[in-house]
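# Close look at the chain arrangement
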Amino acid sequence: MKNSVLPQAIKTVLYLLMLSAISACMSQVNYETVDDYPVYDGADLGLTYSPAKSQFKIWSPAAEAVRLHLYSAGHGDTKIDSHKMTRTEAGVWELSLTGDQEGNYYTYQVKQNGQWLQEKPDLYATAVGVNGQRTMILDLDRTDPAGWENDKRPALSSPNDIIIYEAQIRDLSIAENSGVQNKGKYTGLTETGTQNSHGQATGLDHIKDLGVTHIHLLPTFDHRSIDETKLDQPQYNWGYDPLNYNVPEGSFSTDPYNGATRITEFKKMVQSFHENGIRVILDVVYNHTGQTEDSNFNQLVPDYYYRKNPDGSFSDAAACGNETASDREMMRKYIVESVTYWANEYHLDGFRFDLMGIHDIETMNAVTDALHAIDPTLFVYGEGWTAGASPLSKEKQALKANTPNLKAVAAFSDDMRDGLKGSVFIHEDGGFVSQKAGMKESIKFGIIGSTEHLQVDYDAVNYSDAYWANSPAQCINYVSCHDNHTLFDKLTISRPEASQAEIKKMHMLAQTIVLTSQGVPFLHAGTEFMRTKNGVENSYNSSDEINQIDWDEKYRHQDVFDYYKGLIALRKEHPAFRMTSTSAIQQHLEFLDYSGENFVAYQLSDYANDDQWKNILVLLNGADTNKTIKLPKGNWHLIVDGKKVDQKGLGTKSGTITIPAISAFILKQD
């Protein structure tokens, strides 16, 4: 009897081994290169939650096996179980868990080339535990604050109407004199009635009073430099080191351990800005990740999401260790789905792309197509450059020079920025407002929003030898931002012999030019009262003492605040300063022929852009001496005298006029 059983047992074992081998072959697919990976066009990667079941999908074509680890908490030794995932179509692995899994957390782990790689959160995670190491299973509908379904974007007729205010959440409220209770938090920007030591408005009330239309928040997705378990200790980082792209940063929440808290508080912040007439822009950093070899992307789909050099090393046009490959289909898909998720789930109104030149033109156009399908008023802009060389050919890069090939995407004008104050890379270099010669054409180029105009000598523009904006809405005009020195610090360093009164005049002249030029003006938070960082140029990880906004500076420079507020009101009231097309600028903006390397004059004529004023004259004197000129014929009413803005008029002028050194005059004819 034993002789008859043994052969059957061997047959059974062999059969099972054969099935195992077949299964292994089915689970493992070999590709010559990552470019051969299949593309998954479904919209359900990541978690699909319901109380009845949770479905998990991860795209990892070359994986030999994938498993999901389930935890009861976002940190600690709290594993519940591990589950094998099943390969399905186009490189996707899938798992469904029945029952209500809400409140649990999970990670993925991929086996490739015979090795189990690191556990990582879902690339499509929308909620995470502390420090973003595990994805939270969450019903997002429960995170909506009261009234969220009625939240509406403030009205916006044209992108040319936008005035951007760039700020970092912590900077706005962390100072003792901010008067904010929830310092450094999302909820701190929902507080009203906050005041500095002198009883002046701070925070949300201040921004509303200033009159800007959009607040641009420095990276507010989940970044990795801040340890959310040690928020009682001094930590600071701008956040340009992405960890989880579709989740708000936990250090700005009141409870980073509960994945739902940061989501609700972020939404409350957006809701508060909207209720106060301010749209919200998120600074996004899809061009690189905070880690390289150990990143979520590289551990779950090795090598695919990054560009490589010919020798196999990671290319690094971001100067941060890596650069992502937006030109690969699944990375492009990821970026597009990410921005549309933020726009839909968080009601965001625009996106600023860090080092946008690393991305390809096709991806950026796909971004605007997707966003404008949601709402045509959503605004997209970015840095039209890279921080280093990229394997992506220049003609495909979303560089400033390639802006004409971008659909409704704007780029920062470093031409205007450095033309006004001097090179950001040469600290002692000056610009138009600090009496450096040779900047006149660069200033004129900024005034026309980097468009085409016969009166600009493009050969004399500092960085561009041709126009690069199809329309003024594609040009972001600015003189300072979070990067490099504040405007006050730059002027102080480049003109050490200047008095504080002279520095103030340079500061006010620079922002006058920004706020009255065609294009989209952009202001660095605190510039409205001459913010300083004590000369620190790159404060990305400096202390709060360096980065915080000192709200008592508003009291010390009340005149500067009032002046900038007046200029913003002037711009909003008079559409001549925000024409919507290149042809309108060519027709209605004429530069006047006055001598002087540091003197620019132009006229906005014939009710430009349906303005109520027939003619507007702008006179910009960047020289350190007064300038006397003959006015165009007729009586002119002075509106801006370099110190005050009064739309009712500061006196009538005709014949000749003298513009003081380092000042701007604006006059009008009804």
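One structure accompanies this document, and this report is about it. No experiment lies behind these values; they were computed from the predicted model shown.

Bringing the packing of aromatic side chains into the picture now. All chains considered together, the criterion is met by 35 aromatic pairs. Where Phe 297 meets Tyr 305, the ring centres are 4.6 Å apart and the plane angle is 55°; that geometry is what we call tilted. Assigned by exposure class, Phe 297 and Tyr 305 land together as buried. Between Phe 445 and Tyr 458, the aromatic rings sit 5.5 Å apart at their centres with planes inclined by 85°, giving edge-to-face as the arrangement.

Once that is clear, we can look at the sheet that holds strand S20 (residues 589-591). Strand order in this open sheet of six strands is S20-S21-S22-S27-S24-S25, and the pairing throughout is antiparallel. Here the strands that pair on one side only, and so sit at the sheet edges, are S20 and strand S25 (652-653). Note: strand S21 (residues 599-604) against strand S22 (residues 615-621), six bridges, orientation antiparallel. Bridge pairing in S22 places Tyr 602 opposite Val 618. Running over the sheet, helix H9 (residues 440-447) touches S20, S21 and S22 and is turned about 25° from S21.

What follows concerns the layout of surface pockets. By volume, the largest pocket amounts to about 870 Å³. A total of three residues in the lining of the largest pocket trace back to one element, the largest contributor, which is helix H8 (residues 414-421). Class assignment for the residues of the lining of the largest pocket results in 16 nonpolar, 10 polar and 11 charged. In this structure, the second largest pocket occupies an estimated 440 Å³ of space. Around the second largest pocket sit 22 residues that line it, and Leu 45, Leu 47, Tyr 124, Thr 126 and Tyr 341 are the ones nearest its centre. By residue class, the composition of the lining of the second largest pocket is 12 nonpolar, seven polar and three charged.

Under the criterion given, the structure shown has 36 salt bridges. As a salt-bridge pair, Arg 495 and Glu 497 come within 2.3 Å of each other at their nearest N and O atoms. For Arg 495, a relative accessible area of 15% puts it in the buried group. For Asp 641, the salt bridge goes to Lys 644, with nearest N and O atoms at 3.4 Å. Connected via shared salt-bridge partners are Asp 283, Arg 352, Asp 354 and Glu 383.

Between helix H10 (residues 487-494) and helix H11 (residues 500-516), the shortest axis-to-axis distance is 10 Å and the interhelical angle comes to 130°. Put simply, H10 runs oblique to H11. Once H10 is placed against H11, the crossing between them reads as right-handed. Of the residues in H11, those in contact with Leu 487, Phe 488, Leu 491 and Thr 492 of H10 are Gln 500, Ile 503, Met 506, His 507, Ala 510 and Gln 511. Classifying every residue of the contact of H10 with H11 gives six nonpolar, four polar and no charged.

This next bit is on the sheet that holds strand S5 (residues 86-87). Strand pairing in a sheet is mediated by backbone hydrogen bonds. Such pairs are either parallel or antiparallel. Taken together, four strands build an open sheet; the order of strands is S1-S2-S6-S5 and the sheet is antiparallel. Two strands bound the open sheet, and with one partner strand each, they are strand S1 (46-49) and S5. Bridge analysis of strand S2 (residues 53-59) against strand S6 (residues 92-98) gives seven bridges, and the strand direction is antiparallel. Looking across to S6, one finds that Lys 57 is bridged to Glu 94.

For any two helices packed against each other, the geometry is given by the interaxial angle and the distance between the axes. In contact at an axis separation of 10 Å, H11 and helix H14 (residues 558-573) are set at 15° when each is read in the N-to-C sense. Relative to H14, the element H11 is oriented roughly parallel. Between H11 and H14 lies a crossing of right-handed hand. Where H11 abuts H14, its residues Lys 504, His 507, Met 508, Gln 511, Thr 512, Val 514, Leu 515 and Thr 516 lie against Asp 559, Val 560, Tyr 563, Tyr 564, Leu 567, Ile 568 and Arg 571. For the contact of H11 with H14, the residue count by class is eight nonpolar, four polar and three charged.

Within the element layout of this structure, Lys 84 appears in strand S4 (residues 79-84). A relative accessible area of 74% places Lys 84 in the exposed class. In the structure, Lys 84 is positioned 204 residues away from His 288 in sequence and 30 Å away in space, judged by C-alpha atoms. In contact with Lys 84, not counting residues within four places along its chain, are Val 66, Arg 67 and Leu 95.

Counting 156 residues, the largest nonpolar core has Trp 59, Ile 215, Tyr 305, Phe 351, Phe 353 and Leu 620 as its most contacted members. With nine residues, helix H6 (residues 329-345) is the largest single contributor of residues to this core. Setting aside chain neighbours within four positions, we find Phe 351 in contact with Ile 281, Leu 282, Val 284, Val 339, Trp 342, Ala 343, Leu 371, Phe 379, Val 380 and Tyr 381. In terms of nonpolar packing, the next biggest core, distinct from the first, is built from 18 residues, Ile 281, Tyr 381, Tyr 478 and Phe 522 among them.

All right, on to the side chain of Asp 360 then. The residue Asp 360 is located in the loop between strand S15 (350-353) and helix H7 (361-374) in this model. Within the local environment of Asp 360, its side chain forms a polar contact with the side chain of Ser 326, the two groups lying 2.6 Å apart. If we skip the residues at most four places from it in the chain, Asp 360 touches Arg 307, Ser 326, Asp 327, Arg 332, Leu 392, Lys 396 and Ala 398.

In this section: the side chain of Glu 265. Residue position: Glu 265 is located in helix H4 (residues 259-275). Despite its burial, Glu 265 pairs with no opposite charge, the nearest such side chain being Lys 268 at 6.3 Å. Setting aside anything within four residues of it in sequence, one finds Glu 265 in contact with Tyr 186, Thr 187, Phe 252, Ser 253 and Thr 254.

A positive phi angle, close to 60°, is found at Ala 319, a residue other than glycine. Note that Ala 319 resides in the loop between helix H5 (296-300) and H6. For Ala 319, a relative accessible area of 52% gives the class exposed.

The terminal C-alpha atoms of H11 lie 24 Å apart, and with 17 residues this matches the ideal 24 Å at 1.5 Å per residue to within 8%. With 13 of its 17 residues buried, H11 lies for the most part within the structure.

A few words on the pairing of strand S10 (residues 164-167). Burial along S10 is two-sided: Ile 164 and Glu 166 and Tyr 165 and Ala 167, pointing in opposite directions, are all buried. The sheet contact formed by S10 and strand S11 (residues 214-217) spans four bridges and is parallel. In the strand pairing of S11, Ile 164 is matched with His 214. The pairing of S10 with strand S19 (residues 520-524) spans three bridges and is parallel.

Reading the values: rules and limits
- What you see as residue numbers is a count from 1 along each chain, following the sequence as written.
- pLDDT decides what is reported in this predicted model: residues at 70 or higher carry local features, side-chain atom pairs at 80 or more are listed and counted, and totals for whole chains, interfaces and linings draw on all residues regardless.
- Values shown for side chains rest on all heavy atoms present in the structure; no hydrogens or waters enter the calculation.
- Centres within 6.5 Å make a pair out of two Phe, Tyr or Trp rings, where for Trp the six-membered ring is used; the pair is then stacked when the planes are under 30 degrees apart, edge-to-face when over 60, and tilted otherwise.
- Accessible area is worked out with a 1.4 Å probe on protein chains only. A residue is then buried under 20% of its type maximum, exposed over 50%, and partly exposed in between.
- Strands are treated as partners if at least two bridges between them are detected by DSSP.
- Helical segments are the DSSP runs of H or I of at least four residues, strand segments are the runs of E of at least two, and each set is numbered from the N terminus.
- Residue contacts are defined here by distance: any two heavy atoms, one from each residue, within 4.5 Å place the two residues in contact.
- Under this scheme, a helix contributes an axis fitted over its contacting stretch, all axes are lines through C-alpha atoms, and angles between N-to-C directions fall in the 0 to 180 degree range.
- Using protein atoms alone on a 1 Å grid, points that fit a 1.4 Å probe yet trap it form a cavity, whereas open point sets bounded by protein on both sides within 12 Å along at least five of seven lines form a pocket; residues with an atom within 4 Å of a point count as lining.
- Grid points are joined across faces, edges and corners, and a volume is the space filled by probe spheres set on the points.
- Under the scheme applied here, ten amino acids are nonpolar (Ala, Val, Leu, Ile, Met, Phe, Trp, Tyr, Cys and Pro), four are charged (Asp, Glu, Lys and Arg), and all others, including Gly, are polar.
- Whenever Lys or Arg places a side-chain nitrogen within 4 Å of a carboxyl oxygen from Asp or Glu, that contact is recorded as a salt bridge.
- If an angle is under 35 degrees, it is roughly parallel; if it is over 145, roughly antiparallel; if it lies from 65 to 115, roughly perpendicular; otherwise it is oblique.
- By the definition used in this description, the sense in which the near helix is turned from the far one sets the handedness, with an anticlockwise turn below a right angle giving left-handed and a clockwise turn giving right-handed.
- Remark: nonpolar core denotes a set of buried residues (Ala, Val, Leu, Ile, Met, Phe, Trp, Tyr, Cys) joined through side-chain atoms within 4.5 Å.
- The definition of a polar contact used here is a pair of N or O atoms within 3.5 Å, where within protein one atom must be able to donate a hydrogen and the other to accept one, and adjacent residues in sequence count solely through side-chain atom pairs.
- We score Asp and Glu as negative and Lys and Arg as positive, and we do not count His or the chain ends.
- The span you would expect from a helix comes to 1.5 Å times its residue count less one.

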